[in-house]
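Inside the fold
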Amino acid sequence: MDHGKITITVKSFATFRDVMDAKIRMDLPSGSTISSLLDELVNRYPGLSDLIFTSPGILRSYVNILKNGRNIYFLDNLETLVEEGDVITLFPPLAGG
Amino acid sequence: MDGYAGNMIYADLSAGKISIRPTPPELKKKYIGGRGFGIRLLTDMVDPGIEPLSEENVIIYAAGPLTGTGIPLGSRYEVSTISPLTGTVTSANSGGVFGWKMKKAGFDAVVITGRSKKPVYLFLDNGKAEIRDAAHLWGKTTGQTTDAIMEELGDISVRVSCIGPAGEKLVRFACIINEKARAAGRGGIGAVMGSKNLKAIAARGDRPIQVADEERLSIIKERVRKKIQENGIEKALHDYGTAVLVNIVNENYILPTRNFQSAHFKNAENISGETIAKTILKRPKGCYACIVQCGRVHEFDGETGEGPEYEPDWAFGPDCGIDDLKAITRANNICNEYGLDAISAPATIACLMEMAEKGYVNHPIRFGDVEGMLNLVKQIGDREGIGDELAEGSYRFADKYQHPECSMSVKKQELPAYDPRGLQGHGLAYATSVRGGDHVYAYLVSPEVLGAPEKLDPYMTKGKPQWVKTFQDLTASIDATGMCLFTSFALDAQDYSDLLTATTGIPMDPAELLKIGERIWNLQKLYNIKLGFGREEDTLPARFLTEPLQEGAPTGEVWKRDEMLDEYYAVRGWDVNGTPTEAKLKELGLV
């Protein structure tokens, strides 16, 4: 095990799939946060930036990011730590009934 | 010139007579239309305790003042009756085009009483109405009925709201279908229609729908259009349909699986909105004046139809342990043709699946059995074999075999597609809904999962009773206006108030709008109390209170009734038994 590195899965849904892969495994430095993960994703998929952020560091309304099924809003938001084996899911604004 | 058509039909099917009366101003002022009209008239006309499938029941179709005015998503109509499934007063909402046509025909509402001696249909024709023979239509599917009526009347502009074989055979969760695939779905209203030998209502007309302030309304329409179009939420509905919810609900570990035995489905992606979009979708489709177009037209293997929506997609899918999208779509098509509630039918099948696997019922069906599931849908619609027992609903079925705990229902109406153990507020909405297991009367999924209008922690109970009340009251008032509930992701009470003021000429503000919604809600509650529904019935199946979820983020969670119910009654101004107090009734003008 590389103590400086973690491996996670990122899944995207709906219109996010227009600009990024539906499922990826990624290596990140240990101690990464959701914020640094999103920076990495935006580097990889430039089209994602406008869909996720209204301005740097500010998530668009109704974008939902889950860490293992829990909305990061109820954890530490963008400062939520990303850990080995995490499944991070990204949802654009959605509605239904 | 107030958005209303101006008249209502009273159809006495026993006497075979129709009368037309002006829409009363007092009804418009205090109840707006739609569900408000239906509930007020129903509770005035029907004594509590009547048998819902007897001729003493009444059905009320009602559009709202905003229906058909060209306001974006202003297309809806409501149908109200006493439910043969729950025994409560019920009201179901449908879209498509029929509501607009009813108003173009000159009518705000149709009040149906008695029972015809032989099958008939009502024809609303440009200010007039007649009762026509329907013997030749009896036995036909909803699609065949619609085509036959249009051909008989020689007019493709006619629109039809009808029942299929399921309604004729009094399946307790039979529904009403318009335009072959839009449903006034819940509560078994189709069976009530069938019990009256009423096969359909057809409507045509070219009467203008006039509003009070055309200029002002134009400006507000534009504002509302912009809000809906610029709201990112509505785009996903257009692109992926309501089944876009499959993945987010599953990733939150609250997608009910195998009759709510668990809440995460391994192959959810196979039946998701994203998969529909890249496999069976032909094109989106919308209701009258809709700019969202959340409907799906599908095509595969030479077949075409509409759907599946999220609820039947889930119910025939994960709830039955099935991940075959084509089979799910076919099952939903059968429900449309037969006129079956596409939540209650599959949820009842899922109940049988659990009971069969546990040996409570001797039947070969198991979770994941696609062919078995498809056969059962038809058997239910035809009331054949075990289908005759299942047609009574999951609660009566499970109770018959001494295992009522296997029915995932509230007040005997089957629960929809969200596990309440991971959604405290939505669970409270389920438990306290005045029409039984239901997700639309207060869609707490919106804040608790989707984060709209703001993010609420789904595992917390604090503050949820007030949220549930607000959603219930606002939804009741929206259902009275004729607007589609999906506008509520983008619009607020001020928007609806402004639309109403410009349309009707009667000043409306958010406080009054919510009060009208609260009035409607309390009226439904009062009637249910007279039927014997009380605190005991405001709950969920024991599974949700005693069996914690086992997977993902909500592991360990149960639904926490005791932390919310008393506070809910208190914010409602009801006593500890859930009965509206005298003071509350006075405040709402109900004494």
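We now turn to the structure provided with this report. These numbers come from a predicted model, not from an experiment.

Analysis parameters
- Residues numbered from 1 in each chain as written.
- Chains lettered and ligands numbered in written order.
- Predicted model: local features only at pLDDT ≥ 70, side-chain atom pairs only at ≥ 80, totals over all residues.
- Heavy atoms only, no water.
- Helix = DSSP H or I, 4+ residues; strand = E, 2+ residues; numbered from the N terminus.
- Rg over C-alpha atoms; globule rule 2.2 N^0.38 Å.
- Contact = heavy atoms within 4.5 Å.
- Areas by Shrake-Rupley, 256 points an atom, 1.4 Å probe, with all protein chains shown as cover.
- Buried < 20%, exposed > 50% of the residue type's maximum accessible area, 1.4 Å probe, protein only.
- Lys, Arg positive; Asp, Glu negative; His and termini not counted.
- Charge placed at Lys NZ, Arg CZ, Asp CG, Glu CD.
- Pairing = 2+ DSSP bridges.
- Axes fitted to C-alpha atoms, helices over the stretch in contact; angles between N-to-C directions.
- Parallel < 35°, antiparallel > 145°, perpendicular 65-115°, else oblique.
- Nonpolar A, V, L, I, M, F, W, Y, C, P; charged D, E, K, R; others polar.
- Disulfide = S-S within 2.5 Å.

Brief notes about the overall build of chain B
For chain B, the helix and strand inventory stands at 24 helices and 17 strands. For chain B, the C-alpha radius of gyration of 22 Å lies close to 25 Å, the compact-globule estimate for 591 residues. Across its three principal directions, the C-alpha atoms of chain B cover 60 × 50 × 50 Å. Of the contacts made within chain B by residues no fewer than 6 positions apart, 70% connect residues no fewer than 24 positions apart. For chain B, the exposed surface amounts to about 18900 Å²; the carbon and sulfur share of it is 49%.

Quick notes on the overall build of chain A
In terms of regular secondary structure, chain A is built from two helices and seven strands. Tracing chain A from N to C terminus, the helices and strands come up as β-β-α-α-β-β-β-β-β. A globule of 97 residues ought to have a C-alpha radius of gyration of about 13 Å, and chain A, at 13 Å, matches this closely. Seen through its principal axes, chain A has C-alpha atoms that stretch 40 × 25 × 25 Å. Across the 97 residues that make up chain A, the buried fraction comes to 49%. Residue pairs at least 24 apart in sequence account for 55% of intrachain contacts in chain A once pairs closer than 6 positions are excluded. About 4500 Å² of surface is accessible on chain A, with carbon and sulfur atoms providing 48% of the total. In chain A, 9 side chains carry a positive charge and 12 a negative one; their mean positions are 7 Å apart.

Considering the sheet that holds strand β10 (residues 176-178) of chain B
Residues and elements named next belong to chain B. Read from one edge of the open sheet, six strands run β8-β7-β12-β9-β10-β11, paired in mixed fashion. Edge positions in the sheet fall to β8 (128-133) and β11 (182-184), since each has one partner strand and no second. On average, each strand axis in the sheet is tilted by 20 degrees relative to the strand beside it, whichever way the strands run. As paired strands, strand β9 (residues 159-162) and β10 are joined by two bridges and run antiparallel to one another. Along β10, the bridge assignment pairs Ser161 with Asn178.

Observations regarding the packing of helix α2 (residues 34-45) of chain B against helix α19 (residues 464-481) of chain B
Residue and element names in this part refer to chain B. Two elements in contact, α2 and α19, have axes whose closest approach is 4 Å; the angle formed by their N-to-C orientations is 95 degrees. The pairing of α2 with α19 is recorded here as roughly perpendicular in orientation. Across from Gly34, Arg35 and Gly36 in α2, the residues of α19 making contact are Thr475, Ala476, Asp479 and Ala480. Here the contact of α2 with α19 is composed, by residue class, of two nonpolar, three polar and two charged.

Some thoughts on the state of the cysteines
What makes a disulfide is a covalent bond joining the sulfur atoms belonging to two cysteines. Residue and element names in this part refer to chain B. Scanning the model with the defined rule gives zero disulfides over all chains in all. We note that Cys351 lacks a disulfide partner, and the nearest cysteine sulfur, in Cys406, lies 5.7 Å from it. A relative accessible area of 0% means that Cys351 is categorised as buried. There is no disulfide at Cys484, and the cysteine sulfur nearest it, in Cys290, is 6.5 Å away. Residue Cys484 is classed as buried on the basis of its relative accessible area of 10%.

What about the environment of B:Ile271?
Residue and element names in this part refer to chain B. Position of Ile271 among the secondary structure elements: in the loop between α9 (245-251) and α10 (273-278). Ile271 sits in the buried class, given a relative accessible area of 0%. Separated by 87 residues in sequence, Ile271 and Ala184 place their C-alpha atoms 24 Å apart. When near neighbours in sequence (up to four residues on either side) are disregarded, Ile271 contacts Val246, Ile276, Asp313, Pro318, Ile322, Asp323, Asp324, Leu325 and Ile328.

Regarding the side chain of B:Thr67
Residue and element names in this part refer to chain B. Following the sequence through the fold, Thr67 ends up in the loop between β3 (59-63) and β4 (77-82). Owing to a relative accessible area of 0%, Thr67 belongs among the buried residues under this scheme. Residue contacts for Thr67: discarding those within four places in its chain leaves Gly74, Ser75, Arg76, Gly99, Trp100, Lys103, Ile209, Thr481 and Gly482.

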